[in-house]
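Here is how the chains run, residue by residue.
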Amino acid sequence: MTPTLREIGAEFHRQQGHSLVISSGSTGKLYAQITHGAPYEVSLAADAQQPQRLEKEAYAVSRWPILACNKERRCACASSRAM
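Residue numbers here run from 1 along each chain, matching the order of that chain's written sequence. Selection of residues for local features in this predicted model requires a pLDDT of at least 70, selection of side-chain atom pairs for listing and counting requires 80 or more, and totals for whole chains, interfaces and linings are taken over all residues. Note that water and hydrogens are dropped before the side-chain values are worked out from all heavy atoms of the structure.

Draft legend 1. Helix H3 (residues 49–56), seen in detail. Throughout this description, buried means an accessible area under 20% of the type-specific maximum (1.4 Å probe, protein chains only), exposed means over 50%, and partly exposed covers the range between. Strands here mean DSSP runs of E at least two residues long; helices mean DSSP runs of H or I at least four residues long; both are numbered from the N terminus. Burial in H3 covers these residues: Gln-50, Pro-51 and Leu-54. The buried residues of H3 occupy an angular sector of 100 degrees when projected down its axis, which confines them to one face. Residues of H3 that are exposed and point over 90 degrees away from its buried face: Gln-52 and Lys-56. Directions from the helix axis toward the C-beta atoms define the arc.

Draft legend 2. Highlighting empty space enclosed by the protein. Buriedness of a pocket was judged along seven lines, with at least five required to meet protein on both sides within 12 Å; pockets are open sets of points on a 1 Å grid over the protein atoms alone, cavities are sets where a 1.4 Å probe fits but cannot get out, and lining residues have an atom within 4 Å of a point. Grid points are joined across faces, edges and corners, and a volume is the space filled by probe spheres set on the points. Inspection of every chain in the model, using the stated rule, returns one cavity of 30 Å³ or more. Looking at the largest cavity, its volume works out to about 60 Å³. Residue assignment for the lining of the largest cavity shows that the elements contributing at least two residues are helix H2 (27–35), strand E1 (42–45) and H3. No other element matches the four residues that H2 contributes to the lining of the largest cavity. When residues are grouped by polarity, Ala, Val, Leu, Ile, Met, Phe, Trp, Tyr, Cys and Pro land in nonpolar, Asp, Glu, Lys and Arg in charged, and all others, Gly among them, in polar. Its residues assigned to classes, the lining of the largest cavity comprises seven nonpolar, three polar and no charged.

Draft legend 3. Quick look at the nonpolar core. Of all hydrophobic cores here, the largest spans five residues; its members are Tyr-31, Ile-34, Tyr-40, Leu-54 and Ala-60. Note on contacts: a residue pair is in contact if any heavy atoms of the two residues lie within 4.5 Å. Beyond its immediate sequence surroundings of up to four residues, Ile-34 is in contact with Tyr-40, Ser-43, Leu-54 and Tyr-59. Buried residues of nine kinds, namely Ala, Val, Leu, Ile, Met, Phe, Trp, Tyr and Cys, make up a nonpolar core once their side-chain atoms join them within 4.5 Å.

Draft legend 4. Summary view of the side chain of Thr-35. Its place among the elements puts Thr-35 in helix H2. You can call Thr-35 buried: its relative accessible area is 18%. Thr-35 has contacts with Leu-54, Glu-57 and Tyr-59, leaving out every residue within four places of it along the chain.

Structural data, given as structure tokens:
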């Protein structure tokens, strides 16, 4: 997912003039960082469980929980910090 996010970040910067800071790692490690106070705006996960846990535990709000699924039913899920 990281190379794709870098491409998205570069295109976003080209079109909008804003830079993205991308932190990548296993969903479990990122979950632990978020629940211990790590700042974030958007969290993308390769599974639905961690974003659902973040939402259930009030670390995130999920407006668009599933962004895409491939033919093997692997899905990219997103959540964002509650504002």
